[in-house]
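Breakdown of the fold
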Amino acid sequence: MEKLALLAPAITVFSQPAFAMYENSPILDGSKQVELPSGVMYEDLREGDGEQVVEGKRVNVQWVLKRSNGYFVDSSAKNDGVPFIFVVGDRNRGAIGGLDEGIRGMRVGGIRRIIIPPSLAYVQGVEDGKPGPVPAGFGPKQRIRRVMELLKDIPGEYIVLDIKATRLQ
């Protein structure tokens, strides 16, 4: 019961529609939510019908970044629609740990909401060249810094990424 209380903010996030990427998102009840051993949680908003994302593949994703309270931080749509491109499993130059774990098994064309604990988010910082997707601009970067520095130890504080896998190489 105590664990459920700690996850209440994450459950709240799952019940909110995804911003812009998937306007008609169903209200999620968490029944199809998957929790990985690391604490990363995900749920598919829409199943894809393309290739499956696996380690070693280069993937393009459109993304929306939010805090666990649903507060919008940044998105690829706000950055001229430029996708975030990374090689799955390349933790040094690729994606933040939670995204790298949460995208595996997803199919191209699908949309997935990934709930990431701060310990698997922007631990290396939000400067250019760090694992991403890195928010652009001073304001969005400051919002993530605030979560990572001030709120990282608060139970129920998560980073939320809604992603759409658009291409796999």
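So, here is what we can say about the structure in this document. (Residues numbered from 1 in each chain as written. Predicted model: local features only at pLDDT ≥ 70, side-chain atom pairs only at ≥ 80, totals over all residues. Heavy atoms only, no water.)

Counting 32 residues, the largest nonpolar core has V59, F86, L99, I103, Y122 and I163 as the members making the most contacts within it. Those elements that place two or more of their residues in this core are strand 3 (58-67), strand 5 (84-87), strand 6 (111-116), helix 4 (138-151) and strand 7 (159-168). No other element matches strand 7, which puts five residues into this core. V59 has contacts with V53, F84, I85, F86, V88, I103, A165, R167 and L168, leaving out every residue within four places of it along the chain. (Core = buried A, V, L, I, M, F, W, Y, C linked by side-chain atoms within 4.5 Å. Buried < 20%, exposed > 50% of the residue type's maximum accessible area, 1.4 Å probe, protein only. Helix = DSSP H or I, 4+ residues; strand = E, 2+ residues; numbered from the N terminus. Contact = heavy atoms within 4.5 Å.)

Next up on the list: unusual backbone geometry. Of note, the bond from G132 into P133 is cis; its omega dihedral lies within 30 degrees of zero at 15 degrees. When you line up the elements, P133 lands in the loop between strand 6 and helix 4. One non-glycine residue with positive phi stands out, namely D80, at about 60 degrees. With relative accessibility at 75%, the residue D80 sits in the exposed group.

Enumeration over the complete set of coordinates arrives at eight salt bridges. Notably, a salt bridge pairs D44 with R112, separated by 2.6 Å at the nearest N-O pair. Of this pair, D44 sits in strand 2 (residues 41-46) while R112 sits in strand 6, and the two are 68 residues apart along the sequence. A relative accessible area of 24% places D44 in the partly exposed class. By relative accessible area, which is 3% here, R112 ends up buried. Members of the salt-bridge network, linked through shared partners, are E55, D100 and R104. (Salt bridge = Lys/Arg side-chain N within 4 Å of Asp/Glu carboxyl O.)

The next thing to look at is the side chain of K141. Here K141 is to be found in helix 4. Owing to a relative accessible area of 14%, K141 belongs among the buried residues under this scheme. Beyond its immediate chain neighbours, meaning those up to four positions away, K141 contacts V126, E127, D128, V134, P135 and A136.

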